[in-house]
Amino acid sequence: MKFRKELEPNIEKSEQLFPKVLDLLSKFDEAFDDFNVKKMDDIIDQINLLIDKEIDKEDIYEYWGYTSAEDLAFGLTLTVPRHAFPITEEELSEIKNRIQILLDADENMEKSISTFLFEKEVSVARVLIEDYYDLIINHNNTTRPDNIIYL
């Protein structure tokens, strides 16, 4: 199936932003170690300007427990294409197929997606699944159970 261009992850843009975001995350870590809240806030503002998202300190604190700074930097640079919604059932099916392929990805596949990111020790397949494709699926999911309280 031919995927609409606006639904494709913009790997080129991510590769361009990655070093800047990774450097800012490093500076954030230093500011955190120094208990410099103002500097942390300034760094968050700089990251938000680069990635066109609204993250906060909590979003960065969370990564320390589950992923690397490299994976976080790549994930932050991936922008979910909100202007492409709604997506068709065929597109949703294609996304699920891509997730399955990425779940089975080996080093060669990850290198074929982005040699640059692979060499920076980014878990390219995992980040694409969790920070891009899963978000598209969740954004497109309009059916929510009635018995769950969303906070």
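Predicted model only: the values in this text are computed from it and were never measured. (Residues numbered from 1 in each chain as written. Predicted model: local features only at pLDDT ≥ 70, side-chain atom pairs only at ≥ 80, totals over all residues. Heavy atoms only, no water.)

J.: How should the packing of helix α1 (residues 11-33) against helix α4 (residues 69-77) be read in this particular structure?
T.: Each pair of packed helices can be described by the angle between their axes along with the distance between the axes. It is the contact of α1 with α4, at a shortest axis distance of 8 Å, that shows an interaxial angle of 130°. It follows that α1 is oblique to α4 by the angle criterion. Crossing angle aside, the handedness with which α1 passes α4 is right-handed. Packed against α1, whose contacting residues are I11, S14, L17, F18, V21, L22 and L25, the element α4 presents A69, E70, L72, A73, F74, L76 and T77 at the interface. (Axes fitted to C-alpha atoms, helices over the stretch in contact; angles between N-to-C directions. Helix = DSSP H or I, 4+ residues; strand = E, 2+ residues; numbered from the N terminus. Parallel < 35°, antiparallel > 145°, perpendicular 65-115°, else oblique. Left-handed = near helix turned anticlockwise from the far one by under 90°. Contact = heavy atoms within 4.5 Å.)

J.: Would you take a moment to explain the packing of aromatic side chains for this structure?
T.: The geometry of two aromatic rings is summed up by the distance between their centres and the angle between their planes. Overall, the coordinates contain four aromatic pairs when judged by the stated rule. Measuring from centroid to centroid gives 6.0 Å for F18 and F116, while their planes differ by 90°, and the two rings are edge-to-face. A residue pair is termed long-range when its members are at least 10 positions apart, and F18 in helix α1 and F116 in helix α7 (residues 115-119) qualify at 98 residues. Members of the aromatic cluster, connected to one another through ring pairs, are F28, F32 and Y61. Geometry around F3 places R98 over its ring, the cationic atom sitting 4.0 Å from the centre. (Phe/Tyr/Trp six-rings, centres within 6.5 Å; stacked < 30°, edge-to-face > 60°. Lys NZ or Arg CZ within 6 Å of the ring centre and 35° of its normal.)

J.: Would you take a moment to explain the environment of K57 for this structure?
T.: Along the chain, K57 falls in helix α3 (residues 57-66). Among the residues examined, K57 registers a relative accessible area of 21% and is labelled partly exposed. Distance from K57 to T88, taken between C-alpha atoms, is 35 Å for residues 31 residues apart in sequence. Not counting chain neighbours up to four residues away, the residues in contact with K57 comprise F28, V37, M40, D41 and I44. (Buried < 20%, exposed > 50% of the residue type's maximum accessible area, 1.4 Å probe, protein only.)

J.: I tried to follow the environment of V124 on my own but got confused; where do I start?
T.: The residue V124 is located in helix α8 (residues 124-140) in this model. Sequence-wise, V124 and R82 are 42 residues apart; in three dimensions their C-alpha atoms are separated by 22 Å. For V124, the contacting residues outside a window of four places in its chain are F74, E110, I113, L117 and F118.

J.: Would you mind showing me how to read the packing of helix α2 (residues 37-51) against α3 here?
T.: Following both chains from N to C, one finds α2 and α3 inclined at 95°, their axes separated by 10 Å at the closest point. The orientation of α2 with respect to α3, classified from their angle, is roughly perpendicular. From α2, V37, M40, D41, I44 and I47 reach across to α3, where they touch K57, I60 and Y61. Partitioned by chemical class, the residues of the contact of α2 with α3 number six nonpolar, no polar and two charged. (Nonpolar A, V, L, I, M, F, W, Y, C, P; charged D, E, K, R; others polar.)

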